[in-house]
Amino acid sequence: MQFKIRTSPFFNSSNSVRSIMLQVLLALIPGTLVMTYFFGWGILFNIVLSVFFAVSLEALALLIRKRPVLVFLGDFSAIVTGWLFALSLPPLIPWWIVLVGIFFAIIIAKQLYGGLGYNPFNPAMVGFAVLIISFPLEMGLWLKATSFAEQSFGFIDSLRIVFGANMSPDWDAITMPTPLDAVKTGLLTGMDYTEIVRKSRYLSDSFSNTWMWSGLAFAAGGIWLLYKKIIHWQIPVALLLSLLFFSVVFHLYSPQHYASPVLHMLSGATMLGAFFIATDPVSASTTPLGKLIYGAGIGVFIYIIRVWGSYPDAMAFSVLIMNMAVPMIDYYTQPRVLGHKRKVDL
Amino acid sequence: MPETTETAETALDHIAIVEEPKISADYKKIMLDGLWNNNPGLIQLLGLCPLLAVTGNLINGLGLGLATLVTLTISNSAISATRRWVRKEIRIPFYVLVIASIVTMIEMLMHAITPELYGVLGIFVPLIVTNCVIIGRAEAFASKHELMPAAFDGFMMGLGFTLVLVTLGAMRELVGNGSLFADASVMFGDIAKNWTIQVFDHYQGLLLAILPPGAFIGMGFLIAIKNVIDKKIGK
């Protein structure tokens, strides 16, 4: 009689890549809905276009690389990349800019390195970084946030702007700087922080601060992911704590010149990045201690680039910089294997 | 001190007498190596700093490529011609001296003839001295071959390097600006004022291609394309 013998691991997770990706998509829905409510159809178009381009380019790359197309498309990772990338774009951005960004995300950052699991950099953030460097003007055109019913563009108008069909709106009249943008330019022109807050509609009235609401919605989705154990707590917690630490210290040091911690925590891509982007299982650190270092590093870089850099937000650059450090972090933070001494020679 | 002179002379004689092994020159192989099989830009990956830095457009690439080509041809000839009298121990400082004098001459010539191009290329012209393709060819080829093959090798290596610079420059200019031959007048004078070809009308430009990352990405693609072609040929 033969016994069935199994080797370790004896407890394995039932999560396939596909189910993980599906749950990530589910967790993105509240934040997406909030953004759509404030910015209109443009957000949904971005997502539809990005996901469409991402899946098409991924299929194309898999065909050229002679890999089974349906198997790899079925892991939904291209959809998640496309969706996350879309959420970083301003509404009503022309379709071809989305295509350029997705090309860099899927083809160059992911497939050229060998596909899912082999990419050292977060694909969505590579796409975003390419766009913010190449098209700074278009990437800054964030519409004035209003409630969904008061949007200046309906479905058809939005569609025509995205596809550039003889419609170029008066951007100056309908866009507004994001809170981080307003603070950055305000401080550069020598205004006090309190004055900037008074003048900016987003910052003076917390209820109309779109960015705060969408940040909270993304945080809610992220906490659900934590609860479902899709992501680990180390990266988001370390990221948010280090960002909080630096913003509190500098704000206390000089409240007139450094924005309040609340602004840093609830504006821009902080929440989306902390829970969804920095936690990318492929490009992030994998050891428990390494995850803490990785998250904290991203927080530090976000603060440095936001405050002293030339771009208003810094999630993409910080994540990419720390992606580069991941191999080293992982090397020095290997956990001790039971029964062995610490192996790495420092 | 007659004795010392004598020893020095005998030493010189001794060096001069040493017969080097005859390496017969195969001009076809030298040509193929320089242009393709052992291309300095794509295979040896030498001289990457100027290669990546100045290829923002086609004309800059062409300018620096030609300057390197001339330097490489002259330096290879000079080093091959003097190879019997240069002792092994001091050859590297000697090469550097030769190359530096040649580059200084070319720099002054460019300053005189094409001041605009000189202004655009700036520090990268004097920096040809440090381009490792040149000292690499001096050490690996010129110091072991006759004058003619060495000069031919320098020319072909320079041509291969120029072709890579021009191709990369054209790629980056096309993607970044949608044009080709922009600023041709800085090199060819007023005749070239309207040589610029606007390939795409109303092209917004992809700034990334002009910036340094574009150089690295473009270079990666060039190497990949070469490998694909080699693989196809090999089949």
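Before reading further, recall that the structure is shown in the block above.
Residues numbered from 1 in each chain as written. Chains lettered and ligands numbered in written order. Predicted model: local features only at pLDDT ≥ 70, side-chain atom pairs only at ≥ 80, totals over all residues. Heavy atoms only, no water.

A.B. asks: Even after reading the chapter, I still don't get the packing of aromatic side chains, so can you show me in this structure?
C.D. replies: Aromatic ring pairs: the centre-centre distance and the angle between the two ring planes describe each pair. Residue and element names in this part refer to chain A. Going through the model one piece at a time under the given rule, you end up with 21 aromatic pairs over all chains. Aromatic pair Trp95 and Phe163: ring centres 6.4 Å apart, planes at 25°, arrangement stacked. One end of the pair, Trp95, is in helix H5 (residues 95-111); the other, Phe163, is in the loop between helix H8 (155-162) and helix H9 (171-174), and 68 residues separate them in sequence. For the pair Phe246 and Tyr303, a centre-to-centre distance of 6.3 Å together with 25° between the ring planes defines the contact as stacked. A residue pair is termed long-range when its members are at least 10 positions apart, and Phe246 in helix H14 (residues 234-253) and Tyr303 in helix H17 (residues 288-308) qualify at 57 residues. Looking at Tyr303, the relative accessible area reads 1%, which means it is buried. An aromatic cluster is defined as three or more aromatic residues linked by ring pairs; in this entry it consists of Phe245, Phe246, Phe250, Tyr258, Tyr303 and Trp308. (Phe/Tyr/Trp six-rings, centres within 6.5 Å; stacked < 30°, edge-to-face > 60°. Helix = DSSP H or I, 4+ residues; strand = E, 2+ residues; numbered from the N terminus. Buried < 20%, exposed > 50% of the residue type's maximum accessible area, 1.4 Å probe, protein only.)

A.B. asks: Please clarify how helix H6 (residues 123-134) of chain A should be interpreted in this entry.
C.D. replies: Since the α-helix advances by 3.6 residues per turn, residues separated by three or four positions end up pointing in the same direction. Along its twelve residues, H6(A) runs 17 Å from first to last C-alpha, staying within 8% of the 16 Å computed at 1.5 Å per residue. Counting buried positions over the twelve residues of H6(A) gives eleven, a clear majority of the element. Taken residue by residue, H6(A) has A:Pro123, A:Ala124, A:Met125, A:Val126, A:Gly127, A:Phe128, A:Ala129, A:Val130, A:Leu131, A:Ile132 and A:Ser134 as its buried positions. Where H6(A) is buried, its residues touch helix H4 (77-87), H5, helix H7 (136-139), helix H16 (270-277) and helix H18 (315-332) of chain A together with helix H10 (207-210) of chain B. Here H6(A) starts with a cap whose side-chain oxygen sits 3.2 Å from the backbone nitrogen of A:Ala124, and that cap is A:Asn122. (Expected span 1.5 Å × (residues − 1). Contact = heavy atoms within 4.5 Å. Polar contact = N/O pair within 3.5 Å; in protein donor to acceptor, adjacent residues only side chain to side chain.)

A.B. asks: Explanation requested: the state of the cysteines in the structure shown.
C.D. replies: Structurally, a disulfide amounts to a covalent bond that connects the sulfur atoms of two cysteines. All names here are of chain B. If you walk through the whole model with that rule in mind, you get zero disulfides over all chains. The thiol of Cys49 is not disulfide-bonded; the next cysteine sulfur, from Cys132, is found 9.1 Å away. Owing to a relative accessible area of 35%, Cys132 belongs among the partly exposed residues under this scheme. (Disulfide = S-S within 2.5 Å.)

A.B. asks: Looking at this model, I keep getting lost on the interface of chain A and chain B. Mind explaining?
C.D. replies: Between chain A and chain B, the residue contacts involve ten residues of the former and eight residues of the latter. Taking both partners together, chain A and chain B bury about 730 Å²; carbon and sulfur atoms supply 76% of that area. Counting the surface chain A buries against chain B, the share from its top three residues, A:Phe104, A:Ile133 and A:Ser134, is 46%. Here chain A is connected to chain B by zero salt bridges. For the pair chain A and chain B, the number of links is one residue pair in polar contact (both at pLDDT 80 or more). Among the elements that make up the side of chain A that touches chain B, the one with the highest residue count is H5(A) (four residues). Each residue belonging to the side of chain A that touches chain B can be placed in one class, and the counts come to eight nonpolar, one polar and one charged. (Buried area = accessible area lost by both parts, 1.4 Å probe. Salt bridge = Lys/Arg side-chain N within 4 Å of Asp/Glu carboxyl O. Nonpolar A, V, L, I, M, F, W, Y, C, P; charged D, E, K, R; others polar.)

A.B. asks: Any chance you could explain the side chain of A:Lys291 here in plain terms?
C.D. replies: By secondary structure assignment, the location of A:Lys291 is in helix H17. At 8.7 Å, A:Asp330 is the nearest oppositely charged side chain to A:Lys291, a buried residue that forms no salt bridge. (Lys, Arg positive; Asp, Glu negative; His and termini not counted.)

A.B. asks: Please clarify how the pattern of salt bridges should be interpreted in this entry.
C.D. replies: On inspection of all chains with the given rule, the structure shows eight salt bridges over all chains. With its nearest N and O atoms 2.8 Å apart, the salt bridge here joins A:Arg306 to A:Asp313. Look at A:Asp313 and you get partly exposed, because its relative accessible area is 22%. B:Asp153 is the salt-bridge partner of B:Arg137, the closest N and O atoms lying 3.0 Å from each other. Of this pair, B:Arg137 sits in helix H7 (residues 132-140) while B:Asp153 sits in helix H8 (residues 147-177), and the two are 16 residues apart along the sequence. Both residues of the pair, B:Arg137 and B:Asp153, count as buried.

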